[in-house]
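# Remarks on the overall topology
Single-letter residue listing:
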2 protein chains.
Amino acid sequence: MSRRLERTRRAVAEASLIFAALGDPTRLGVVARLSAEGPLSITRLSEGAGVTRQAISKHLQTLAGAGLVHDVRVGRERIWELETARLQLARRELDRISAEWDAAIGRLKAFVEEER
Amino acid sequence: MSRRLERTRRAVAEASLIFAALGDPTRLGVVARLSAEGPLSITRLSEGAGVTRQAISKHLQTLAGAGLVHDVRVGRERIWELETARLQLARRELDRISAEWDAAIGRLKAFVEEER
DNA sequence: ATCATGTGCAACCTCCAGGTTGCAAAGGTA
DNA sequence: TACCTTTGCAACCTGGAGGTTGCACATGAT
């Protein structure tokens with residue numbers, strides 16, 4: 001397999017992990033709350049989330065697994081913060097896909113022009 | 001509930017749909033292939049995908065449900081194309097989250113400064 | 001020392017996402 | 001018409017995602 005394909009596979013696997021983490025309404029809601037209110041504890045995040053604290057806890061694990069958040073222990077609390085660098089990575093992937101598509105469409109148009 | 005919160009909920013629901021669609025490796029692979037090679041038929045997309053044509057077909061339905069692709073019938077084939085506008089929407093959501101987080105952190109720092 | 005609060009761990013349940021196989025149908029082609 | 005190709009439909013299977021409850025364990029406050 002070519003180096004290029006290999007790299008694409010890795011990028012896809014990596015990016016899909018991030019997108020999957022953001023792909024659940026409850027989880028994206030947690031991310032939105034963090035972004036709006038800043039660092040928060042598990043209990044705080046649970047309030048008004050519509051699900052159990054345990055559920056939120058699991059979701060935070062998932063988000064952490066994708067590198068989207070990290071925690072800091074403060075006394076008996078566990079404060080969670082966003083990892084914006086990771087979000088940027090996802091953003092760049094979206095940009096790359098858009099750009100490649102535009103290029104592909106460009107080539108296609110040129111080809112059609114040439115044919116007729 | 002405030003208008004602002006209402007809007008946020010909608011945005012979250014909408015965006016999580018898109019992220020969920022991109023959150024599967026096979027599906028993101030399809031998106032990547034489309035972006036790299038341009039419009040393709042179901043059969044073409046299935047070749048070298050590692051799964052059945054039926055599986056790819058289902059994935060395309062999911063992507064279409066999220067508004068990320070649309071199809072054009074050409075003879076007996078069904079050609080699928082990317083919907084980059086939808087990708088941009090997801091990108092903007094990521095940007096918004098990052099920006100809000102930065103603002104929240106900024107407020108937090110100002111608060112800490114003031115306290116001591 | 002006692003009590004309240006924040007979190008972790010584990011067992012459990014339910015449902016559906018992702019995949020398969022098999023067959024029918026529609027549209028090109030010789 | 002007969003044939004090949006591309007797609008659609010339906011039934012089916014399985015693992016894990018998302019959720020819950022119950023209890024144990026730290027840690028801070030009184």
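Overview of the structure. Keep in mind that this is a model prediction, so the values were computed, not measured.

Attention shifts here to the protein's contact with DNA strand D. Inspection of the region around DNA strand D gives 21 residues, with Thr52(A), Lys58(A), His59(A), Thr43(B) and Arg78(B) positioned closest. A distance of 2.8 Å is found between a base nitrogen of DNA strand D and a side-chain nitrogen or oxygen belonging to Gln54(B). Taken together, the elements giving at least two residues each to the surface near DNA strand D come down to α2 (25-37) and α4 (53-65) of chain A together with α3 (42-46), α4 (53-65) and β3 (77-82) of chain B. The element that contributes the greatest number of residues to the surface near DNA strand D is α4(A), accounting for four residues.

Okay, α2(A) next. Residue and element names in this part refer to chain A. Taking 1.5 Å as the rise per residue, α2 with 13 residues should run 18 Å; its terminal C-alpha atoms sit 18 Å apart, in good agreement. Those residues of α2 lying buried are Arg 27, Leu 28, Val 30, Val 31, Ala 32, Leu 34 and Ser 35. Structurally, the start of α2 carries an N-cap: the backbone nitrogen of Thr 26 is 3.0 Å from a side-chain oxygen of Asp 24. Directly beyond the C-terminal end of α2, a positive phi value near 85 degrees is found at Gly 38.

Here we take up the packing of aromatic side chains. Aromatic ring pairs are defined here through the distance separating the ring centres and the angle between the ring planes. Counted by the stated rule, this structure contains one aromatic pair over all chains. Here the aromatic rings of Phe19(A) and Phe19(B) are separated by 6.0 Å at their centres, their planes lie at 10 degrees, and the arrangement is stacked. Pair noted here: Phe19(A) is in helix α1 (residues 3-22) and Phe19(B) is in helix α1 (residues 3-22), and the two residues belong to different chains. What makes Phe19(B) buried here is its relative accessible area of 0%.

Time to look at the environment of Ile97(B). Among the structural elements, Ile97(B) can be located in helix α5 (residues 84-115). With a relative accessible area of 1%, Ile97(B) lands in the buried category. Spatially, the C-alpha atom of Ile97(B) lies 31 Å from that of Asp71(B), the residues being 26 residues apart in sequence. Beyond its immediate stretch of four places on either side in the chain, Ile97(B) contacts Leu28(A), Val31(A), Ser35(A), Leu82(A) and Leu87(A).

About the thresholds
- Residues numbered from 1 in each chain as written.
- Chains lettered and ligands numbered in written order.
- Predicted model: local features only at pLDDT ≥ 70, side-chain atom pairs only at ≥ 80, totals over all residues.
- Heavy atoms only, no water.
- Near = heavy atom within 4 Å.
- Polar contact = N/O pair within 3.5 Å; in protein donor to acceptor, adjacent residues only side chain to side chain.
- Helix = DSSP H or I, 4+ residues; strand = E, 2+ residues; numbered from the N terminus.
- Expected span 1.5 Å × (residues − 1).
- Buried < 20%, exposed > 50% of the residue type's maximum accessible area, 1.4 Å probe, protein only.
- Phe/Tyr/Trp six-rings, centres within 6.5 Å; stacked < 30°, edge-to-face > 60°.
- Contact = heavy atoms within 4.5 Å.

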